[in-house]
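Given next are the chains, with one letter for each unit.
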Amino acid sequence: MTKILLLEDDETISFGIVTALKKKGYEVLCCPSIAQGKLCFSQDIQMILLDLNLPDGTGYEFCKWVKKQQDVPIIFLTVRDGAKDISKGLDMGGDDYITKPFHLSVLESRIGAVLRRVSKQTAEPPNKLSCGTIQINLDKIEVQMQGTVIPLTAAEYRLLLVLMENKGKTLSRTLLLEKLWDAEGNFVNDNTLTVTMKRLREKLGQPREILTVRGIGYRMEDLYE
C-alpha cells in the first residue's frame with residue numbers, strides 16, 4: 001500500500017483529500033503543521049502532498065528539509081499560481097504543482113502519474129546517454145557536463161532525459177507534456193514546461209545542444225558531431 005504524507009492545515013480540504021485517497025487504496029497521514037509533519041515523516045513515505053501556507057512556516061521550508069532526508073516525490077497544493085512560486089517549487093525538487101481549487105479526480109491522476117514516473121525511472125536499464133558536452137548516467141540518475149555533476153530536480157532530469165532519448169527530433173510541447181507528466185497530458189499547466197525548461201537551461205549554462213523550435217517545441221542536437 002502506497003503511504004502518503006499530507007501537510008494541510010485546512011480541515012475541510014484535508015478531510016476531502018484523505019477520504020478520496022483512502023478509497024483509492026492509499027494510506028494517508030495528515031498533519032496540519034511543519035512540526036507535526038517532521039514527526040510523521042519516515043523512510044517508508046512514498047509521496048508528500050504539501051501546502052505552501054502552513055501555520056508554522058512554508059511548504060518550501062518543509063520541502064527543503066525533506067530533500068535532505070530522502071528523495072521522495074512531492075506535489076505542492078496551493079492557492080499561489082504565480083510563475084515565481086511554481087518555479088521555486090520545482091527548483092526545490094517538487095515533482096508537480098497543483099493550484100487550488102482542484103478536483104480530487106485531478107489530484108488522484110497527478111499522484112498516479114508521479115508514482116508511475118518514479119517507478120519507471122528505477123527500472124531504467126544501466127547505460128549512458130550523451131549529446132555534445134552533456135552526459136546522463138542512467139545507473140546513477142546523474143547528469144554531468146565535462147566531468148562536473150549538475151544537480152537537477154526530478155522534473156528537470158526527466159525533461160533532459162526525454163530530449164536526449166529523442167536526439168535530433170523536434171518534440172512538440174504537447175508531446176513533451178504527454179511524455180513527462182501524464183499519458184493524456186490533460187492535468188498539467190503548460191507553464192510548468194516553460195519554467196522547467198528555463199531552470200534546466202540555467203543549470204546547464206544555456207547549452208547550445210537544446211534548441212527552441214519557435215511555435216512548436218524543442219530539439220536536442222549534437223552540434224559537436
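Coordinates for the structure precede this section.
Report on the accompanying structure.

The rules behind each value
Residues numbered from 1 in each chain as written. Predicted model: local features only at pLDDT ≥ 70, side-chain atom pairs only at ≥ 80, totals over all residues. Heavy atoms only, no water. Helix = DSSP H or I, 4+ residues; strand = E, 2+ residues; numbered from the N terminus. Rg over C-alpha atoms; globule rule 2.2 N^0.38 Å. Buried < 20%, exposed > 50% of the residue type's maximum accessible area, 1.4 Å probe, protein only. Contact = heavy atoms within 4.5 Å. Areas by Shrake-Rupley, 256 points an atom, 1.4 Å probe, with all protein chains shown as cover. Arc of directions from axis to C-beta. Salt bridge = Lys/Arg side-chain N within 4 Å of Asp/Glu carboxyl O. Expected span 1.5 Å × (residues − 1). Polar contact = N/O pair within 3.5 Å; in protein donor to acceptor, adjacent residues only side chain to side chain. Pairing = 2+ DSSP bridges. Axes fitted to C-alpha atoms, helices over the stretch in contact; angles between N-to-C directions. Core = buried A, V, L, I, M, F, W, Y, C linked by side-chain atoms within 4.5 Å. Parallel < 35°, antiparallel > 145°, perpendicular 65-115°, else oblique.

For the protein chain, the count of helices and strands is eight helices and 14 strands. For the protein chain, the C-alpha radius of gyration of 18 Å lies close to 17 Å, the compact-globule estimate for 225 residues. Projecting the C-alpha coordinates of the protein chain onto the three principal axes gives extents of approximately 55 × 35 × 30 Å. By residue count, 47% of the 225 residues in the protein chain fall in the buried class. Pairs at least 24 apart in sequence give 60% of the contacts found in the protein chain among residues at least 6 apart. In the form shown here, the protein chain has an accessible surface area of approximately 11,100 Å², with 50% of it arising from carbon and sulfur atoms.

Time to look at helix 7 (residues 173-180). Among all positions of helix 7, only Arg 173, Leu 176, Leu 177 and Leu 180 are buried. For helix 7, the angular spread of the buried residues around the axis is 100°, confining them to a single face.

On inspection of all chains with the given rule, the structure shows 13 salt bridges. A salt bridge links Lys 24 to Glu 108, with the shortest nitrogen-to-oxygen separation between them at 3.9 Å. With a gap of 84 residues between them, Lys 24 in the loop between helix 1 (11-23) and strand 2 (27-31) and Glu 108 in helix 5 (residues 104-122) connect regions that are remote in the sequence. For Lys 24, a relative accessible area of 55% puts it in the exposed group. Residue Arg 219 is joined to Glu 221 by a salt bridge in which the shortest nitrogen-to-oxygen separation is 2.7 Å. A single salt-bridge network, built from bridges that share partners, covers Glu 8, Asp 51 and Lys 100.

This paragraph deals with helix 1. Its 13 residues place the ends of helix 1 18 Å apart at the C-alpha level, agreeing with the 18 Å of an ideal helix rising 1.5 Å per residue. Residues of helix 1 that are buried include every one of Ser 14, Ile 17, Val 18, Ala 20 and Leu 21, and no others. The N-terminus of helix 1 is capped by Asp 10, whose side-chain oxygen sits 3.0 Å from the backbone nitrogen of Thr 12.

Quick look at the sheet that holds strand 2 now. The strands that make up a sheet are held in pairs by hydrogen bonds between backbone atoms, and each pair lies either parallel or antiparallel. Here five strands make up an open sheet; going across it, the order is 2-1-3-6-7 and the pairing parallel. Two strands lie at the open edges of the sheet, namely strand 2 and strand 7 (96-99), each paired on one side alone. On average, each strand axis in the sheet is tilted by 20° relative to the strand beside it, whichever way the strands run. Inspection of the sheet shows strand 3 (residues 47-51) paired to strand 6 (residues 74-78) by four bridges, in the parallel sense. Directly across from Leu 50, in strand 6, lies its bridge partner Phe 76.

Of all hydrophobic cores here, the largest spans 25 residues; its most connected members are Leu 160, Leu 163, Leu 176 and Leu 204. Those elements that place two or more of their residues in this core are strand 9 (134-137), strand 10 (142-145), helix 6 (154-165), helix 7, helix 8 (190-203) and strand 14 (217-220). It is helix 6 that contributes the most residues to this core, seven residues altogether. Ignoring anything within four residues of it in the chain, the contact list for Leu 160 reads Ile 134, Ile 136, Val 143, Leu 152, Leu 200, Leu 204, Ile 210 and Met 220. In this structure, Ile 45, Phe 62, Cys 63 and Val 195 belong to the second largest nonpolar core, which totals 21 residues.

Right, let's get into the environment of Val 79. You can see Val 79 is positioned in the loop between strand 6 and helix 4 (83-91). Here the alpha-carbon distance between Val 79 and Leu 204, two residues 125 residues apart in the chain, equals 31 Å. With sequence-adjacent residues up to four places away left out, Val 79 is seen in contact with Asn 53 and Lys 100.

Relative to each other, helix 7 and helix 8 sit at 90°, their axes nearing to 10 Å. When the axis of helix 7 is compared with that of helix 8, the two are roughly perpendicular. For the pair helix 7 and helix 8, contact is made by Arg 173, Leu 176, Leu 177 and Leu 180 and by Asp 190, Leu 193 and Thr 194, respectively.

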